[in-house]
Each structure stands twice: as structure tokens, then as C-alpha cells.
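Descriptive analysis of the structure
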Amino acid sequence: MSDAPQENPYPDSELLGEGPEPHPQLKPVLHLLGRWHGTGLGEYPTLEHGFRYRQEITFSHDGRPFLRYESRAWLVDDAGAALRPSGRESGWWRVLPDASLEVVLAHPTGIVETYLGSVVAGTRIELATDTVACTPKAKEVTGMRRRYAVVDGELTVEQDMAAVGQPMHHHLSARLRPVRPQP
């Protein structure tokens, strides 16, 4: 057996028809596959002003009944120029045989969230935290709700948050378009 690096024989795929065949349990969430990019607005009661951001979300699979998820965001000014990195998270969306969802997301800021949810109407997904764990120095977050929907080829993302002593409140909303792979 050689110690030489070997190409991963099970790469993730962001596109239908490329890479492994999607697991049949993924059918309710296949519309999420791909890389999405767009703009959003954020607010929270503890913030003096709202903010604008750009976001990129990637959903991929390796043939098993879950999606790999990654999101990166950066703050932008009113003209859309990048100001600085912002939210980042990665994790897994597990699709169960009854089409319900279990989601695990980790943030580099010391927060890990588990969500339970489902596909509500065709391409609309609702998730709510089951548990939130924070490292000792992380910002206090006690709950989250997320809604994802693909309508007319755009992915909309809405997020509510309960944190730093505040009850559940609208926090983020974004509209993203698919990033087409270059030939």
C-alpha cells in the first residue's frame, strides 16, 4: 500500500447529473443543490443600525442521504463594496425517510446549533433549533428559526434569532441566485 496522496474517490457534487447519484431520500431538497450568491439585509434590537451583506451558500452531496452545507457572508456598504468578513457556518442537512430534516451547523464564533424541520410546501423549508451550544466566550444565542425557499429560480433565506437576552426577533433576509459553473 502506497503512502502517496490519492484522489478522493467519493467527491461531493453540487450539480445533478455530475458526480454520484443522489440518494432517493434527498428528493425533497434537491432543488437546493448548487452554489448560490446574493445580497441581504440584517438587523437586531441590540444594533443601532441595520446592515447590508453579500452571501454565498453551497449545498452538495456525496450520494448519501444528507447535504453538505456551507455559508459565507461579508458586510458591504450602500454601493455594494466589500467592508469585512461577516458570518460563516458549515454543517450537514440530514434528510430522514419521512422527509423531515435534522440539521447541524457550526460557527467559528463558538456556536453549534441543531435544528429540526421539514419541507413545508414543495420548495419551502422551515427549521427551528432543537439545541444551541456555545463555548464559554461565545455570544449567548438561545434559539434560531430559518426559512429557505426557492421561488422563480431564486433562493430566499430568512433567519430569526433569540440572543443576548432578547426574545426571538427577525435578524437576516437574503435573496440569492444560482452561480452557474463556467464551461
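First, a word on what this report is: a plain description of the structure on this page. (Residues numbered from 1 in each chain as written. Predicted model: local features only at pLDDT ≥ 70, side-chain atom pairs only at ≥ 80, totals over all residues. Heavy atoms only, no water.)

Some details on the overall build of the protein chain
Helix and strand counts for the protein chain come out as zero helices and 10 strands. If you list the helices and strands of the protein chain from N to C, you get β-β-β-β-β-β-β-β-β-β. In summary, the protein chain has a C-alpha radius of gyration of 17 Å against a globular reference of 16 Å for 183 residues, a match within 12%. Principal axes of the C-alpha set define a box for the protein chain whose edges measure 55 × 45 × 35 Å. Among the 183 residues that make up the protein chain, the fraction classed as buried is 36%. Excluding contacts between residues fewer than 6 apart, the proportion of contacts in the protein chain whose partners are at least 24 apart in sequence is 41%. Looking at the protein chain as shown, the accessible area adds up to about 10,800 Å², and 53% of this sits on carbon and sulfur atoms. Both charge centroids of the protein chain, one from 19 positive and one from 24 negative side chains, sit 3 Å from each other. (Helix = DSSP H or I, 4+ residues; strand = E, 2+ residues; numbered from the N terminus. Rg over C-alpha atoms; globule rule 2.2 N^0.38 Å. Buried < 20%, exposed > 50% of the residue type's maximum accessible area, 1.4 Å probe, protein only. Contact = heavy atoms within 4.5 Å. Areas by Shrake-Rupley, 256 points an atom, 1.4 Å probe, with all protein chains shown as cover. Lys, Arg positive; Asp, Glu negative; His and termini not counted. Charge placed at Lys NZ, Arg CZ, Asp CG, Glu CD.)

Notes on the packing of aromatic side chains
A complete count under the given rule lists six aromatic pairs for this structure. Ring plane angle 75° and centroid distance 5.0 Å describe the contact between Trp93 and Tyr148, whose orientation is recorded as edge-to-face. Of this pair, Trp93 sits in strand β4 (residues 82-95) while Tyr148 sits in strand β8 (residues 141-151); the two residues are 55 residues apart in sequence, bridging distant segments of the chain. Judged on exposure class, the residue Trp93 and its partner Tyr148 are both buried. The structure contains a cluster of three or more aromatic residues connected by ring pairs, namely Phe59, Tyr69, Trp93 and Tyr148. (Phe/Tyr/Trp six-rings, centres within 6.5 Å; stacked < 30°, edge-to-face > 60°.)

Quick look at the pattern of salt bridges
Tallied over the entire structure, the rule returns 14 salt bridges. The closest approach of N and O atoms between Arg88 and Glu70, which form a salt bridge, is 3.3 Å. Residue Arg88 is located in strand β4, and its partner Glu70 is located in strand β3 (residues 66-76); the two are separated by 18 residues in the primary sequence. Under the relative-accessibility criterion, Arg88 is labelled partly exposed at 38%. Taken together, the shared-partner salt bridges connect Asp12, Arg68, Glu70 and Arg88 into one network. (Salt bridge = Lys/Arg side-chain N within 4 Å of Asp/Glu carboxyl O.)

Topic: the pairing of strand β5 (residues 100-107)
Looking along a regular strand, one sees the side chains alternate between the two faces of the sheet. The pairing of β4 with β5 spans six bridges and is antiparallel. Across the sheet, the residue bridging to Ser90 is Ala106, located in β5. Connecting β4 to the antiparallel partner β5 that follows it, the hairpin turn spans four residues, and Ala99 within it adopts a positive phi of roughly 75°. (Pairing = 2+ DSSP bridges.)

Description of the environment of Glu14
Topologically, Glu14 is positioned in the segment before β1 (34-42). Between the C-alpha atoms of Glu14 and Thr46, which are 32 residues apart in sequence, the distance is 37 Å.

That is the geometry; function is a separate question.
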